[in-house]
Amino acid sequence: MKKSAHEINRARQQFLAHGNMQEGVVNETIAASWQRSMRNGVDASQPLSMVTLNRAELDIRQSKNRLLLTQSKAEIATLYEQIAHSYSVVTLTDAEGTILHSEGQHHLIGLAPELLSPGYSWNEQQRGTNAIGTAIVEQKAVAVQCAEHFVEQLHHFSCYAVPIFGANRQLLGTLNVSNAFSIHQPHTMALVKMAAQLIENRVFRACHQGPVCLHFHNNTDFIHTQWEGLAVFSRQGDLLAINKSGLNLLGIADIPHNFQSIFGQSFDQVCARHQQIITFDVAHTHGDILYGAMEINTESPSSIKPVATRQPVSSMPRTLAAIPDHDPRIAEILRQATLVMNRDISILIQGETGVGKELLASAIHYSSDRAHGPLIAVNCAALPEGLIEAELFGYEEGAFTGARQKGNSGKIEQAHGGTLFLDEIGDMPLLLQARLLRVLQERSITPLGSSKSKKLDFAIISATNQTLQEKVASGAFRKDLYYRLNGISLTLPPLRERKDLDALVQNIMTAEHAGSTRIHAEVMHLFRQHSWPGNIRQLHNVLKTMLALAAGQPLQRQHLPPGFTDDLKDNSIAAPQLLTAGSISDITNEAVRLALQNHEGNISAAARELGMSRNRLYRKLKSLGMT
Ligand SMILES: Nc1ncnc2c1ncn2[C@@H]1O[C@H](COP(=O)(O)OP(=O)(O)OP(=O)(O)O)[C@@H](O)[C@H]1O
């Protein structure tokens, strides 16, 4: 049975004072870690050192762990949304316990923000028992709750860390959730484990993009989930790689190197049935039947899936004119974009994650004179470093041996006559920045292995959610390339600062074919109070979840994802009324009424909550006959 924080603290005090471990209070993992912490001379009563890596050191670490970072991004965002509340932070560390990325409002959990920010190390040797450091030592999932932490300063926090292993089963890092709850939350650990498993699978697929991949499990429902086994084969049926779950499912450590000897069936015949679920009666699983689905990559071996970024959902705004411009900052961005788009000026779009940078880039392209040409999107963060050069610049026949023998036009060449969109440009490796600069200056390209250059004509738009100027200052991004890309910089505001939430909600509801679904006024009120760390993407996800949970009924507070309201300052809401997503003016009227009610008629406070000026609110009240 789980012991109380008080009992654990007493056992810890006794251990610190006399070195003896009270039986049955903490589990073996924590007990062993306390012993190590003591041996390592960690001072349990002193606050932790605040020393973290400087910007340049962190840049180096992040670029060393680019694959892990890029393959984790989406899962971290989803995990954060699943547990979204102000008292949690999600962190991703490298194999030494140094934070590479964190998601959450660090300052709110009552710990110095530095301690959960990129650059801080949670190595057990220095910090004593903690989920990240201890998970790295133990190479397994570890939960450390309150007084189980060796250092007293951490006694108000609970942390859940799960190691992430690479394609060759080497430790890559950890995924961790820290929160300010003293009660053990088994579901938090389950969510972290699921996310870590998904990251491992993504890393595996990014490293092994062989032509044939078998997805398998002993339960058909688990195929294409994070628990599936993955085995990658060459076109001849030679095993190129297998993931950890695959090994476990097969039940043998020493895997044969050929499809037929593993699965007992002809590779070609199974490939021919790749649209069906195939049953395998495998010898070593002791009667356990395995089921598999073959994925055959019919594209040329060189086409790498992660290059292309997501295409905007078709019903989302496709042109600048279709983007709502009720927010003055957005209206100004749209005006500037319209003025520069056909003038050979490089556009750099900046803004936090999920603010709509990609959507804006695509709207610029489809509004420009090049709308009939291609829009080629390259996610600079989603490619293994060694492949970027070939993917961007292309290569001539004979430049490589093996799978890449035939030659391939690069993404830049494919953008000829259209627009090249370089997403996450801040992640472009330094070495390739010089080459890209040359291409942009000369508007011509020389593929790898070729001596002939080709003249090209394309518009360039890049986007980043990093502060490029800081990267320039730390030497991680070339100044000359920065100036070249930054003909004009358009910075999209975060959602919490936008004044057009109603219009955005309406847009998303329409895109989700739910334009006539009614939204409770209370929900809109809660939306206005939310800080939206994931911006419009998060708003979109929340609305999608609510639409699913409401199953055709009006969207109400109980349909909000769990944890959503924890972020809000004031949950006391007035009597609910129903509104239609389509009627922005109705929503605004209702919001005005609620805001005034919440602030007992105080115009300034109500205007602040509504994100409008006092004058505008006065005008609004006048038009409503409320003054
Ligand atoms: N004007 C808009 N109206 C409705 N939905 C929008 C709008 N802008 C963005 N979105 C929604 O927000 C999501 C995120 O947008 P987008 O991918 O363009 O953001 P981003 O800033 O490029 O994010 P990241 O930096 O993480 O790549 C989109 O999938 C879309 O659903």
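Above: the structure in question.
Not measured: the values here are computed from a predicted model.

**Observations concerning the overall build of the chain**
- Regarding its fold elements, the chain presents 23 helices and 19 strands.
- Per-residue burial for the chain yields a buried fraction of 52% across its 627 residues.
- When contacts within the chain are restricted to residue pairs at least 6 apart in sequence, long-range pairs at least 24 apart make up 64% of them.
- About 28,000 Å² of surface is accessible on the chain, with carbon and sulfur atoms providing 50% of the total.

**As for the sheet that holds strand 8 (residues 239-242)**
- Spatial ordering of the open sheet is given by 8-7-6-10-9, a layout of 5 strands whose pairing is antiparallel. Both outer strands of the open sheet, strand 8 and strand 9 (278-281), are each paired with one neighbouring strand and no more. Taken over all neighbouring pairs, the strand axes of this sheet differ in orientation by 30° on average, direction set aside.
- Bridging between strand 9 and strand 10 (residues 289-296) involves 4 bridges; their strand directions are antiparallel. Looking across to strand 10, one finds that Thr 279 is bridged to Tyr 291.

**Side note on the packing of aromatic side chains**
- Under the definition given, this model contains 11 aromatic pairs.
- Both rings, one in Phe 263 and one in Phe 280, keep their centres 4.7 Å apart while their planes meet at 45°; by these two values the pair is tilted. Of this pair, Phe 263 sits in helix 9 (residues 259-263) while Phe 280 sits in strand 9, and the two are 17 residues apart along the sequence.
- On the basis of relative accessibility, which here comes to 0%, the residue Phe 280 falls in the buried class.
- One aromatic cluster in this structure is built from Phe 216, Phe 233, Phe 259, Phe 263, Phe 267 and Phe 280.

**Topic: helix 6 (residues 131-138)**
- Buried residues dominate helix 6, accounting for 6 of its 8 residues.
- Among all positions in helix 6, only Ala 131, Ile 132, Gly 133, Thr 134, Ala 135 and Ile 136 are buried.
- Along its buried surface, helix 6 packs onto helix 2 (28-39), strand 1 (88-94), helix 5 (124-127), strand 3 (142-145), strand 4 (158-165) and strand 5 (171-179).
- Of the residues that open helix 6, the one with a side-chain oxygen 3.1 Å from the backbone nitrogen of Ile 132 is Asn 130.
- Positive backbone phi, approximately 55°, marks Gln 139, located one or two places after helix 6.

**Details of unusual backbone geometry**
- Positioned with a positive phi, Asp 344 is a non-glycine residue whose angle comes to about 55°.
- Since its relative accessible area comes to 63%, Asp 344 is described here as exposed.
- Non-glycine residue Glu 424 carries a positive phi angle of around 55°.
- Within the secondary structure, Glu 424 sits in the loop between strand 13 (419-423) and helix 15 (430-442).

**A look at the pattern of salt bridges**
- Enumeration according to the criterion identifies 18 salt bridges in this entry.
- Here Glu 124 and Arg 36 are joined by a salt bridge, their closest N and O atoms 2.7 Å apart. With Glu 124 in helix 5 and Arg 36 in helix 2, this residue pair connects regions lying 88 residues apart in the sequence. Grouping residues by exposure puts Glu 124 and Arg 36 together as buried.
- The salt bridge partner of Arg 329 is Glu 497, with a shortest N-O separation of 2.9 Å. With Arg 329 in helix 11 (residues 328-340) and Glu 497 in the loop between strand 17 (488-491) and helix 18 (501-511), this pair connects stretches of sequence that are 168 residues apart.
- Judged by relative accessible area, which is 41%, Arg 329 ranks as partly exposed.
- We classify Glu 497 as partly exposed; its relative accessible area is 36%.
- Here the residues in one salt-bridge network are Arg 36, Glu 124 and Glu 138, joined through shared partners.

**Let's talk about the packing of helix 1 (residues 5-18) against helix 2**
- It is the contact of helix 1 with helix 2, at a shortest axis distance of 11 Å, that shows an interaxial angle of 40°. With respect to the hand of their crossing, helix 1 and helix 2 are arranged in right-handed fashion. Between helix 1, through Ile 8, Ala 11, Arg 12, Phe 15 and Leu 16, and helix 2, the contact on the second element is made entirely by Trp 34, Gln 35 and Met 38.
- Split by residue class, the contact of helix 1 with helix 2 holds 6 nonpolar, 1 polar and 1 charged.

Conventions adopted
Residues numbered from 1 in each chain as written. Predicted model: local features only at pLDDT ≥ 70, side-chain atom pairs only at ≥ 80, totals over all residues. Heavy atoms only, no water. Helix = DSSP H or I, 4+ residues; strand = E, 2+ residues; numbered from the N terminus. Buried < 20%, exposed > 50% of the residue type's maximum accessible area, 1.4 Å probe, protein only. Contact = heavy atoms within 4.5 Å. Areas by Shrake-Rupley, 256 points an atom, 1.4 Å probe, with all protein chains shown as cover. Pairing = 2+ DSSP bridges. Axes fitted to C-alpha atoms, helices over the stretch in contact; angles between N-to-C directions. Phe/Tyr/Trp six-rings, centres within 6.5 Å; stacked < 30°, edge-to-face > 60°. Polar contact = N/O pair within 3.5 Å; in protein donor to acceptor, adjacent residues only side chain to side chain. Salt bridge = Lys/Arg side-chain N within 4 Å of Asp/Glu carboxyl O. Left-handed = near helix turned anticlockwise from the far one by under 90°. Nonpolar A, V, L, I, M, F, W, Y, C, P; charged D, E, K, R; others polar.

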